[in-house]
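Secondary and tertiary structure notes
Chain by chain, the residues run as shown.
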Amino acid sequence: MHAAAYALDPQFLFCAEGELDEATMEGLSAIFDRLCLRDAILAAADPEKAWQEYTFHTPEVVARVAQVERELSVYHNKEGAFSRPSVATNAKLLEPSKWWSTYGKHVPLLAAIAQQVLSQPASASAAERNW
């Protein structure tokens, strides 16, 4: 989850230098797989049956992951709305989930995943309660 949050934080895209490393891309891909599987199950005509039958290799899931990866390419290449100077400025000023809701309209699947990931609190309090 941390890798996905790092990769989808717009401040990283517009402020940092370099590409995402292999470990970050693996973490991001794992989140894509899991959330696309969940969304495909929920969108199925019979979610109860889909829950038992769908896997990461189900055509609906693979197609959804492929679409998210294409949208990630648009984001990382700063194409479309992401190429505007105001977008880069607001990446530093807005909360990441609000930034995605404002500028992610042309990459809807990626924006939905980014908002889910970036809305999660990055706190250790749940782990601390377990101890």
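Residues numbered from 1 in each chain as written. Predicted model: local features only at pLDDT ≥ 70, side-chain atom pairs only at ≥ 80, totals over all residues. Heavy atoms only, no water.

**A short note on unusual backbone geometry**
With phi around 55°, K78 is a residue other than glycine that occupies positive phi space. Here K78 lies in the loop between helix 5 (59-76) and helix 6 (85-93). Look at K78 and you get partly exposed, because its relative accessible area is 33%. (Helix = DSSP H or I, 4+ residues; strand = E, 2+ residues; numbered from the N terminus. Buried < 20%, exposed > 50% of the residue type's maximum accessible area, 1.4 Å probe, protein only.)

**Things to note about the nonpolar core**
Ranked by internal contacts, the top residues of the largest apolar core, which has 36 residues, are L8, W99, W100, L110 and I113. Looking at this core, the elements with two or more residues in it are helix 1 (2-8), helix 2 (10-15), helix 3 (22-43), helix 5, helix 6, helix 7 (96-103) and helix 8 (108-118). At 8 residues, helix 3 tops the list of elements feeding residues into this core. When near neighbours in sequence (up to four residues on either side) are disregarded, L8 contacts L28, L72, Y75, W100, L110, I113, A114 and L118. (Core = buried A, V, L, I, M, F, W, Y, C linked by side-chain atoms within 4.5 Å. Contact = heavy atoms within 4.5 Å.)

**Re the side chain of T24**
Looking at the secondary structure, you find T24 in helix 3. Among the polar contacts made by the side chain of T24, one reaches the side chain of D21 at a distance of 2.5 Å. Beyond its immediate chain neighbours, meaning those up to four positions away, T24 contacts A3, Y6 and A7. (Polar contact = N/O pair within 3.5 Å; in protein donor to acceptor, adjacent residues only side chain to side chain.)

**With respect to the pattern of salt bridges**
With the rule as written, the count across this model stands at 3 salt bridges. The residue D39 makes a salt bridge to R64 at a minimum N-O spacing of 3.8 Å. Of the two residues, D39 is situated in helix 3 and R64 in helix 5; the sequence distance between them amounts to 25 residues. Take R64: its relative accessible area is 26%, and that puts it in the partly exposed class. Here the salt bridges share partners, and the residues they tie into one network are R38, D39 and R64. (Salt bridge = Lys/Arg side-chain N within 4 Å of Asp/Glu carboxyl O.)

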